[in-house]
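Listed below are the residues making up each chain.
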Amino acid sequence: MAAVVSGAGEGLAALPAQPLELKSQFRTREGSYRLLGPESRPRSGPATAPGPSPPTAGPGPAAAAPGPAALPPVRLSMVRLALPPAEEPGGPAERSRVCFNLGRELYFYGGAGSGGRGSRRSLDLHKPIDKRIYKGTQPTCHDFNQFTAAADTISLLVGFSAGQVQYLDLVKKDTSKLFNEERLIDKTKVTFVKWLPETERLFLASHASGHLYLYDAEQPCGATAPQYNLLTQGEGFSVFACKSKTPRNPLLKWAVGEGALNEFAFSPDGRSLACVSQDGCLRVFHFDSMLLQGMMKSYFGGLLCVCWSPDGRYVVTGGEDDLVTVWSFAEGRVVARGHGHKSWVNAVAFDPFTGAAQPPELSGGEEEDEPPNPLVRRSPAVTYRFGSAGQDTQFCLWDLTEDVLYPRPPLSRARTLTGLGDASVPVPGLPRSLSRSNSLPQPAGTGSARGPPPDVPPALSVGRFATLTLQEHKGPSSAEKEHKRYHSLGNISRSGEKPPGGARSRGRLDTAKVLGTALCPRIHEVPLLEPLICKKIAHERLTVLLFLEDCIVTACQEGLICTWARPGKAGLSSQNSGSPSGTVV
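Keep in mind it's a predicted model, so treat the numbers as computed, not measured.

Brief notes about the overall build of the protein chain
Looking only at helices and strands, the protein chain features six helices and 34 strands. The buried share of the protein chain, reckoned over its 585 residues, is 55%.

Below you can see the structure in the form of structure tokens.
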């Protein structure tokens, strides 16, 4: 295992002497993925990285820099800007911006996207175009608003370890707002931030307290601590509205599970919200109606990451049980687990460019290192491809095949315990754009949104979010029936005790009771996947995994960003001005 790095720019010279060799390429059924550029180069830390902007004082008082153990995970956010058709004929149709956090610093990169026909230029991760340094707090997460991104505005949210959320505009430099500035809303670190799909003003922020807050970027937070009314509650969650005569933030407060709410993700159609918590539970809500649609429990430990399949039918999670778990949203059951990592799984993502729509084929212009294995040709059809990255510094690719997703009746006897999902749960349709998937965000499309299912309450508008009252959500008894139809744990809690009321009562699942049920099948009750590939690609824990059309981007805690060219896309390296295999920011 690699030695602990004492700083972003310290101790890096010893990395090449590590005994385990890092992989620079790997092969799958569609060909070879290659690390771009030379295999190694002298590394430099953030202190020597160029950045045109001066250090920016962030929220919170000045404090000494924390040790490496306290550094928040490195994360990467990306946005694509559509260029005018006449700007560069024959050139790329998109331009990208990337945000990357490391310690107390934020780095911004630019580059041409891969959307233009004939364009094979990837991101330029060699030199940052801007940098911000914060004092007394550290960036923990960030997210671009893909829906409003344009040449004249690029909105970015940044969450901090002290609990604040900052709104920035990378184009309008003087535009900046700070939410929860006095930490009256929540004093714990922000674990994840995300703009609501196709909205200009609304965003969510989750905290280590287990709370999830809905903000309106145009509303103030108020000078006093917010007071709340209970709107609804269910198995392991409660939802509150802010009591105020005038609109203020937060508009809503969700108390979900026990422990930190580590990550959340919207479904491709924007209707459902999947949350993973330190209590080991995946909870999927219909966001507008605040109803629990489904639930799953990890084999043990907390869940750290979550993503949706591009068609919204499946959810994949990773966590402290060293497993990746595939959960069917339509059937409400665990479809499969994947075992390949030797430590916690920090990141999962679906590859929307590989799967049933991308049949196996070899690129004619690619130099083959070895003849293709004929056994791979006869394997079951791959319906989905997803990846995972872990604390063990390993990157894994997984294939979900038809024989796992649609098993024959003789093979499904052991899965009768998981057949409790309601078949009438509406199956999400195809995504209107990839801007809501957990892989690369695409420019917002103009396709009209489909209406909600007939048995789901209508969506709440921005105006209603700002003026929510308790009476608006009391509703008739049909809402209670709807919640029970989506999910109920009555068959699991044999004691018959109802969860006590109150703001802090979020419910706790007894692992011994749920093991062997639909929430948490035993290991032998569901298929156990083996990774298609499992390679050590870093010396520090991996924290970022992003699938792009022409490459895969990974990053680790030491600040090393790696770009892996897809089969037939090796020409990308010629456009990167000799960029190295990895860029230390």
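A look at the packing of aromatic side chains
Using the criterion set out here, one finds 22 aromatic pairs in the structure. For the pair Phe203 and Tyr215, a centre-to-centre distance of 5.0 Å together with 5 degrees between the ring planes defines the contact as stacked. Here Phe203 is found in strand E13 (residues 202-207), whereas its partner Tyr215 is found in strand E14 (residues 211-216), with twelve residues between them in sequence. The same class applies to Phe203 and to Tyr215, which are both buried. Between Lys253 and the ring centre of Phe240, over which it is positioned, the NZ or CZ distance is 5.7 Å.

Looking at the environment of Leu261
If you trace the backbone, Leu261 turns up in strand E18 (residues 261-266). A relative accessible area of 0% means that Leu261 is categorised as buried. Taking C-alpha positions, Leu261 is 7.6 Å from Leu212, a pair spaced 49 residues apart along the chain. Discounting chain neighbours no more than four positions away, the residues touching Leu261 are Thr191, Ser206, His207, Gly210, Leu212, Val256, Cys275, Val276 and Ser277.

So, the sheet that holds strand E8 (residues 139-144)
Here we have four strands laid out as an open sheet, ordered E8-E9-E10-E11, and antiparallel in their pairing. Whereas interior strands pair on both sides, the edge strands pair on one side only; in this sheet they are E8 and strand E11 (176-179). For this sheet the average axis-to-axis angle between neighbouring strands, irrespective of direction, equals 20 degrees. The pairing of E8 with strand E9 (residues 155-160) spans five bridges and is antiparallel. Each residue of the ladder has a partner; that of Phe144, found in E9, is Leu156.

Regarding the nonpolar core
Generally speaking, a soluble globular protein has its nonpolar side chains buried in company with each other. Counting residues in each nonpolar core, the largest one holds 29 residues, and the members touching the most others are Leu204, Leu214, Leu252, Trp254, Phe264, Leu273 and Phe287. Of all the elements in the fold, those that place two or more residues in this core are E13, E14, strand E16 (237-243), strand E17 (252-256), E18, strand E19 (272-277), strand E20 (281-286) and strand E21 (291-297).

So, the side chain of Ser267
Looking at the secondary structure, you find Ser267 in the loop between E18 and E19. A polar contact of 3.4 Å, which involves the side chain of Ser267, links it to the backbone nitrogen of Arg271.

Things to note about the sheet that holds E18
Spatially, the four strands line up as an open sheet ordered E18-E19-E20-E21, and their pairing is antiparallel. Both outer strands of the open sheet, E18 and E21, are each paired with one neighbouring strand and no more. Averaged over neighbouring strand pairs, the angle between their axes works out to 20 degrees when direction is ignored. Note: E18 against E19, five bridges, orientation antiparallel. Within E19, the residue paired with Phe266 across the bridge is Leu273.

Considerations on the pattern of salt bridges
Scanning all chains against the criterion turns up 15 salt bridges. Measuring nitrogen to oxygen at the nearest pair gives 3.7 Å for the salt bridge that ties Arg75 to Glu263. On the criterion of sequence distance, the pair formed by Arg75 in the loop between strand E2 (31-35) and strand E3 (76-82) and Glu263 in strand E18 is long-range, its members being 188 residues apart. The two residues Arg75 and Glu263 agree in class, both being buried. Between Asp269 and Arg271 there is a salt bridge, with its nearest N and O atoms 3.5 Å apart. Look at Asp269 and you get buried, because its relative accessible area is 10%. Judged by relative accessible area, which is 17%, Arg271 ranks as buried. Within the structure, one salt-bridge network assembled from shared partners comprises Arg29, Glu30, Arg385 and Asp399.

What counts, and at which threshold
Residues numbered from 1 in each chain as written. Predicted model: local features only at pLDDT ≥ 70, side-chain atom pairs only at ≥ 80, totals over all residues. Heavy atoms only, no water. Helix = DSSP H or I, 4+ residues; strand = E, 2+ residues; numbered from the N terminus. Buried < 20%, exposed > 50% of the residue type's maximum accessible area, 1.4 Å probe, protein only. Phe/Tyr/Trp six-rings, centres within 6.5 Å; stacked < 30°, edge-to-face > 60°. Lys NZ or Arg CZ within 6 Å of the ring centre and 35° of its normal. Contact = heavy atoms within 4.5 Å. Pairing = 2+ DSSP bridges. Axes fitted to C-alpha atoms, helices over the stretch in contact; angles between N-to-C directions. Core = buried A, V, L, I, M, F, W, Y, C linked by side-chain atoms within 4.5 Å. Polar contact = N/O pair within 3.5 Å; in protein donor to acceptor, adjacent residues only side chain to side chain. Salt bridge = Lys/Arg side-chain N within 4 Å of Asp/Glu carboxyl O.

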